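# Structure at a glance
One letter stands for each residue in the lines below.
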Amino acid sequence: MAGMADWGLGHALDAEELVLMHVLRQALTAHPPAPHRLLGIPPLRFVFGPGPATAFATDPPTVHQCLDEVAASIAASGFRRIVLYNSSPWNEELTAAAARDLRISRQLQMFRISLSGLGLDFSPGEGSPSRELQTVITALTGCAPEASAIPDPLPVTAAAIAAPKIVAPIAERLAQLIAEIDRWPALPDAGRIPPATPPALSS
């Protein structure tokens, strides 16, 4: 999941997707999964995003329904384990709720990975956007940031040197999480949730 927003980094609105997919590509290049162990689908771009700085934003119920429909299609293809890989800080709570609901309604084994949890957070936090994110995006696009909220941004040449050092440990962490998920045991009974057992009555 990748939103489109102006994060004050001086780069295009699709910066989330650019970083999200680059980190994934680096993780899989460094630690290729076994054949047929991982299948990626194109990012969901129409996600929740409040405020005028976001573009093509969708309300939470619609995003939730979209996730349900995509997950249903994946399940119909025979997959039972789904990882929601998200770059948007506005969608972290939403993905948590959707993952829980999909576990219950579709008996799917759900996992969540957020870019912020890996160490690249698009959320401004204490009011200042991330210089590291800006550096990575500058290196990936080969374009210097424009109208940046960050003073003295790195030029393209310097960003190209600094960015791999920023991304490498983050991609390594993502690779470790993917491997851990792959080792996680499958849900018993095809994911069906057993009915609650009433507590025994004491005599």
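As a starting point, this report considers the structure included with it. Quick caveat: nothing in here was measured; it's all calculated off a predicted structure.

### Remarks on the packing of aromatic side chains
All chains considered together, the criterion is met by three aromatic pairs. Note on W7 and W90: the rings are 6.2 Å apart at their centroids and 20° apart in plane angle, and the pair reads as stacked. Remark: W90 occurs in the loop between β1 (81-86) and α3 (92-105) and W7 occurs in the segment before α1 (15-30); sequence separation between them is 83 residues. For W7, a relative accessible area of 11% corresponds to the buried category. Between W7 and F122, the aromatic rings sit 6.0 Å apart at their centres with planes inclined by 45°, giving tilted as the arrangement. In this pair, W7 sits in the segment before α1 while F122 sits in the loop between α4 (115-118) and α5 (131-141), placing the two residues 115 residues apart along the sequence. Judged by relative accessible area, which is 3%, F122 ranks as buried.

### Quick word on α1
For α1, which comprises 16 residues, the first-to-last C-alpha distance of 23 Å matches the rise-based estimate of 22 Å (1.5 Å per residue) to within 8%. The elements touched by buried residues of α1 are β1, α4, α5 and α6 (156-183).

### Quick word on the pairing of β1
Across six bridges, β1 lies against strand β2 (residues 109-114) in parallel orientation. Looking across to β2, one finds that V83 is bridged to F111. Crossover connection from β1 via α3 to parallel β2: handedness right-handed.

What counts, and at which threshold
- Residues numbered from 1 in each chain as written.
- Predicted model: local features only at pLDDT ≥ 70, side-chain atom pairs only at ≥ 80, totals over all residues.
- Heavy atoms only, no water.
- Phe/Tyr/Trp six-rings, centres within 6.5 Å; stacked < 30°, edge-to-face > 60°.
- Helix = DSSP H or I, 4+ residues; strand = E, 2+ residues; numbered from the N terminus.
- Buried < 20%, exposed > 50% of the residue type's maximum accessible area, 1.4 Å probe, protein only.
- Expected span 1.5 Å × (residues − 1).
- Contact = heavy atoms within 4.5 Å.
- Pairing = 2+ DSSP bridges.
- Right-handed = clockwise from strand over helix to strand, strands pointing away.

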